[in-house]
Amino acid sequence: MQRTTDRPRLLARPGVVALAAAVALTATACAKSEDDASKDTRSPAAAGAEQKVVTPKPGSKTCAIDAYGAQKLDLKNATVGFSQSEKEANPFRIAETQSIKDEAEKRGVKLLTANAQSQFSKQISDVQDLLAKGADLLVIAPLNSDGWDPVLQAAAAKKVPIVTIDRKINATACKDYVSFIASDFVEQGRRAADQMIEATGGKGEVAILLGSAGNNVTTERTQGFKERIAEKAPELKVVFEQTGEFAREKGQQVTEQLIQSKPGIKGIYAENDEMGLGAVAALKGAGKKAGDVKIVTVDGTRNAVQGIVDGWISGVIESNPRFGPLAFQTLDTFTKGEKVPQDIIIQDSAYTAGNAKTDITKAY
């Protein structure tokens with residue numbers, strides 16, 4: 001990414017090695033609420049619901065603290081700043097923030113939190129404020145992929161390492177940030193297409209409820225879906241695409257428009273569960289029956305998995321939000337001077353009619 005102002009260069013890229021040790025990942029329970037004003041009574045995540053990491057490919061790039069330009073420190077004595085991007089109305093964001101808080105509490109690490117409430121300008125000022133309050137390390141869930149120069153420059157000036165989760169910043173790994181931890185979003189799109197092909201028989205017209213513009217998740221989930229449809233089911237045609245902004249209400253509104261403009265639509269690919277649940281509400285409002293229009297979504301919330309049980313949703317590709325253990329383990333390994341992967345990919349499961357009832361306890 002081009003810089004408009006000079007900043008210290010933080011690294012020469014390190015040699016390639018695997019992550020120093022396997023990460024034991026378990027999500028814990030019962031931490032404080034977002035504003036620390038009340039207790040949260042969520043039960044622990046079910047066994048098997050924790051994030052699992054895909055084994056890095058040979059030759060995968062890594063990052064080490066000396067190359068990055070920061071200094072070793074003891075994570076227990078550090079202050080970690082966490083920037084959440086979106087309102088805590090989406091179950092993914094609720095689970096994500098809770099996981100970060102749980103792991104900080106478990107490790108006895110001081111945690112500063114901020115929520116941008118889906119406003120990118122606020123997120124930039126939030127992270128700058130976390131730095132001003134003394135954050136030694138940053139975990140950022142970016143709202144957008146572009147526009148991060150002010151934060152990257154401020155963090156570089158203070159030699160503060162950054163780990164990004166669930167959405168990617170368009171910047172240089174092991175220079176502007178240490179590691180990116182997320183699912184393989186292109187693969188999620190491909191797997192969603194596989195489920196749509198199975199549900200529709202590979203023929204007919206389908207619609208895509210796109211996520212928010214300006215981030216890699218939307219782009220890559222769309223790319224994977226279209227690639228797999230073109231490869232495996234050329235008679236399945238994408239005839240409608242419109243953003244639902246990853247929100248249930250917007251997903252419902254867009255689906256209501258879809259039903260009017262494309263009454264023969266056979267399937268809807270919603271790029272997150274909330275939009276998919278909005279689509280279900282629109283179909284119910286239009287007098288449709290469960291299964292009349294096949295719906296495939298991405299996330300793995302309990303409401304969406306219940307939608308499979310009830311027959312309204314055909315399949316859900318998981319996108320696991322429980323980043324706390326893996327984010328803190330990455331920071332711990334890195335700040336000890338050991339190498340960590342620049343890209344840490346999570347292995348996601350899926351929910352279908354065959355496992356929804358038994359596996360719903362793993363959903364969030």
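Not measured: the values here are computed from a predicted model.

K.L.:
Would you take a moment to explain the packing of aromatic side chains for this structure?
P.N.:
For any pair of aromatic rings, geometry is given as the distance between the ring centres together with the angle between the planes. Per the counting criterion, the structure on display carries 4 aromatic pairs. Consider the rings of Phe92 and Tyr364, whose centres lie 6.2 Å apart with planes at 70 degrees: the pair is edge-to-face. With a gap of 272 residues between them, Phe92 in helix α2 (residues 91-107) and Tyr364 in the segment after α11 (356-359) connect regions that are remote in the sequence. Judged by centre distance (4.1 Å) and plane angle (15 degrees), the rings of Phe225 and Tyr269 are stacked. You can see Phe225 sitting in helix α6 (residues 216-232) and its partner Tyr269 sitting in strand β9 (residues 267-270), a full 44 residues away along the chain. Assigned by exposure class, Phe225 and Tyr269 land together as buried.

K.L.:
Looking at this model, I keep getting lost on the nonpolar core. Mind explaining?
P.N.:
As a rule of thumb, nonpolar side chains are buried together in soluble globular proteins. Grouped together as the largest cluster of nonpolar side chains are 83 residues, with contacts concentrated most on Leu138, Trp148, Ile165 and Ile181. For this core, the element with the most residues is helix α8 (residues 273-285), which contributes 6 residues. Once residues lying within four places of it in the same chain are set aside, the contact partners of Ile181 are Val163, Thr164, Ile165, Asp166, Phe323, Leu326, Ala327, Thr330, Ile344 and Ile346. By size, the runner-up hydrophobic cluster in this structure holds 16 residues, among which are Ala193, Ile197, Ala233 and Ile317.

K.L.:
Please clarify how the confidence of the model for the protein should be interpreted in this entry.
P.N.:
Detailed reading of predicted coordinates is not advised where the pLDDT is low. Summing up the model confidence of the protein, the mean pLDDT is 89 and the portion of residues at 70 or higher is 87%. The low-confidence segment residues 1-43 (pLDDT under 50) makes 102 contacts with residues lying over four places distant or belonging to another chain.

K.L.:
Where do I start with the packing of helix α7 (residues 248-261) against α8 in this structure?
P.N.:
Put simply, α7 and α8 touch, their axes get as near as 7 Å, and they point 45 degrees apart. Comparing the axis directions of α7 and α8 gives the class oblique. The two elements α7 and α8 meet at a crossing, and its hand is right-handed. Contacts from Arg248, Gly251, Gln252, Thr255, Glu256 and Ile259 of α7 reach α8 at Glu274, Met275, Leu277, Gly278, Ala279, Ala281, Ala282 and Leu283. Looking at the contact of α7 with α8 residue by residue, the class counts come to 7 nonpolar, 4 polar and 3 charged.

The rules behind the values
Residues numbered from 1 in each chain as written. Predicted model: local features only at pLDDT ≥ 70, side-chain atom pairs only at ≥ 80, totals over all residues. Heavy atoms only, no water. Phe/Tyr/Trp six-rings, centres within 6.5 Å; stacked < 30°, edge-to-face > 60°. Helix = DSSP H or I, 4+ residues; strand = E, 2+ residues; numbered from the N terminus. Buried < 20%, exposed > 50% of the residue type's maximum accessible area, 1.4 Å probe, protein only. Core = buried A, V, L, I, M, F, W, Y, C linked by side-chain atoms within 4.5 Å. Contact = heavy atoms within 4.5 Å. pLDDT = per-residue confidence, 0-100. Axes fitted to C-alpha atoms, helices over the stretch in contact; angles between N-to-C directions. Parallel < 35°, antiparallel > 145°, perpendicular 65-115°, else oblique. Left-handed = near helix turned anticlockwise from the far one by under 90°. Nonpolar A, V, L, I, M, F, W, Y, C, P; charged D, E, K, R; others polar.

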